[in-house]
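# Chain and residue survey
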Amino acid sequence: MRKLKNNELDRLSVDAFKEAKKTPIIIVLDNIRSLNNIGSVFRTSDAFLVEKIYLCGITATPPHKDIHKTALGSTDTVAWEHVENTMDLIEKLKAEKVQICSIEQAENATMLNNFTPEENTKYALVFGNEVKGVAQNVVSASDVVIEIPQYGTKHSLNISVSCGVVVWDIFSKLVNQFKQ
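Let me begin by describing the structure that accompanies this report.

So, how was this worked out
- Residues numbered from 1 in each chain as written.
- Predicted model: local features only at pLDDT ≥ 70, side-chain atom pairs only at ≥ 80, totals over all residues.
- Heavy atoms only, no water.
- Helix = DSSP H or I, 4+ residues; strand = E, 2+ residues; numbered from the N terminus.
- Rg over C-alpha atoms; globule rule 2.2 N^0.38 Å.
- Buried < 20%, exposed > 50% of the residue type's maximum accessible area, 1.4 Å probe, protein only.
- Contact = heavy atoms within 4.5 Å.
- Core = buried A, V, L, I, M, F, W, Y, C linked by side-chain atoms within 4.5 Å.
- Polar contact = N/O pair within 3.5 Å; in protein donor to acceptor, adjacent residues only side chain to side chain.
- Patch = residues over 30% accessible without salt bridge, like charges linked within 9 Å, V, L, I, M, F, W, Y side chains within 5 Å.
- Areas by Shrake-Rupley, 256 points an atom, 1.4 Å probe, with all protein chains shown as cover.
- Salt bridge = Lys/Arg side-chain N within 4 Å of Asp/Glu carboxyl O.
- Pairing = 2+ DSSP bridges.
- Axes fitted to C-alpha atoms, helices over the stretch in contact; angles between N-to-C directions.
- Expected span 1.5 Å × (residues − 1).
- Phe/Tyr/Trp six-rings, centres within 6.5 Å; stacked < 30°, edge-to-face > 60°.
- Lys NZ or Arg CZ within 6 Å of the ring centre and 35° of its normal.

## Concerning the overall build of the protein
For the protein, the helix and strand inventory stands at six helices and seven strands. Sequence-ordered secondary structure for the protein, helices as α and strands as β, is α-β-α-β-α-β-α-β-β-β-α-β-α. For a compact globule of 180 residues, the expected C-alpha radius of gyration is about 16 Å, and the protein comes in at 16 Å, within 12% of that figure. If one aligns the C-alpha atoms of the protein with their principal axes, the spans along those axes are about 45 × 40 × 35 Å. Expressed as a percentage of its 180 residues, the buried residues of the protein come to 47%. Sequence separation of at least 24 residues holds for 84% of the intrachain contacts in the protein that already meet a minimum separation of 6.

## Regarding the nonpolar core
Inside soluble globular proteins, nonpolar side chains tend to come together where they are buried. Grouped together as the largest cluster of nonpolar side chains are 34 residues, with contacts concentrated most on Ile27, Leu29, Ile38, Ile53, Leu125, Phe127 and Val166. Contributions of two or more residues to this core are made by β1 (23–30), α2 (35–47), β2 (50–56), α3 (65–71), β4 (99–103), β6 (123–128), β7 (144–147) and α6 (159–178). If one sorts the elements of this core by residue count, α6 sits on top with seven residues. When sequence neighbours within four positions are dropped, the list of residues in contact with Val166 reads Ile103, Leu112, Leu125, Phe127 and Ile148. Residues Ile26, Val83, Met87 and Ala141 belong to the second largest nonpolar core, which totals 19 residues.

## So, the environment of Arg2
Note that Arg2 resides in the segment before α1 (14–19). Of note is the side chain of Arg2, whose polar atom sits 2.8 Å from the side chain of Glu8.

## Re a nonpolar patch on the surface
A cluster of nonpolar residues, Leu157, Val161 and Val165, forms a patch on the protein surface that exposes about 200 Å² of accessible area. Among the structural elements, Val165 can be located in helix α6.

## Focus: the sheet that holds β7
One open sheet accounts for seven strands, arranged β3-β2-β1-β6-β4-β7-β5; its pairing is parallel. Looking at which strands have only one partner, the edges of the open sheet turn out to be β3 (80–83) and β5 (110–111). As defined by bridge partners, β5 adjoins β7 across two bridges and the pair is classed as parallel. Its bridge partner being in β7, Thr110 is matched across the sheet by Ile146. The sheet strands contacting α2 are β1, β2 and β3, and the helix crosses β2 at an angle near 165 degrees.

## What to know about the pattern of salt bridges
Following the criterion strictly, the structure yields eight salt bridges and no others. Residues Lys52 and Glu81 are paired through a salt bridge, measuring 2.7 Å at the closest nitrogen-oxygen approach. In this pair, Lys52 is assigned in strand β2 and Glu81 in strand β3, connecting sequence segments 29 residues apart. Here Glu81 falls in the partly exposed class, since its relative accessible area comes to 33%.

## Describing α2
End to end, α2 covers 19 Å across 13 residues, agreeing with the expected 18 Å (1.5 Å per residue, within 8%). Buried within α2 are the following residues: Leu35, Asn37, Ile38, Gly39, Val41, Phe42, Thr44 and Ser45. The opening residue of α2 is Ser34, an N-cap whose side-chain oxygen sits 3.3 Å from the backbone nitrogen of Asn36. Downstream of α2 by one or two residues, Leu49 has phi in the positive range, about 50 degrees.

## Details of the packing of aromatic side chains
Think of a pair of aromatic rings as described by two things: how far the centres are apart, and how the planes are tilted against each other in angle. With the rule as written, the count across this model stands at four aromatic pairs. With 5.1 Å between their ring centres and 50 degrees between their planes, Phe48 and Phe171 make a pair best called tilted. Linking Phe48 in the loop between α2 and β2 with Phe171 in helix α6, this pair joins segments that are 123 residues apart in sequence. A centroid spacing of 5.7 Å and a plane angle of 85 degrees characterise the contact between Phe115 and Tyr123, whose relative ring orientation is edge-to-face. On the basis of relative accessibility, which here comes to 8%, the residue Phe115 falls in the buried class. For Tyr123, a relative accessible area of 3% translates into the label buried. Three or more aromatic residues joined by ring pairs form one cluster here, namely Phe48, Trp168 and Phe171. Above the face of the Phe17 ring, Lys22 is positioned so that its terminal group lies 4.8 Å from the ring centre.

Read these as layout, nothing more, since geometry by itself doesn't imply function.
Structural data, given as structure tokens:
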């Protein structure tokens, strides 16, 4: 087996990415502190054609060298917007019939492996602060809380890892719908 070179990967150009049909997923970053985590979320969002990223509260915005270091140019492809108040955004998205999914550990949470996205539905996946998680008022306003099953001694994953796991899982469940 031979490892492929970058020029053999048949990736989209920036313009082709912007014109491509997007996955019906929006990422909401609720007060993320780490610039490297923000950049990693951009890169994951590029990989799975996420529609948009909302950077809320204290979440830093591009351009920034530490975001760029992990985003590797994906801040130029993925649509993004800064919103000061996460709850204002949640209310706006709910009014647009977007399903709000907080990624958190909570009572009556749906385990990710048991979550089945519905056809013709857009999802906003909310990822929270590295220490405090998703704000309680956002969790309370969510249509569903999705929990990533974990079986070790730790009780959380890094936010960029959580984003990769959740986006991949939902993308893979939507892939047949997405290709139609």
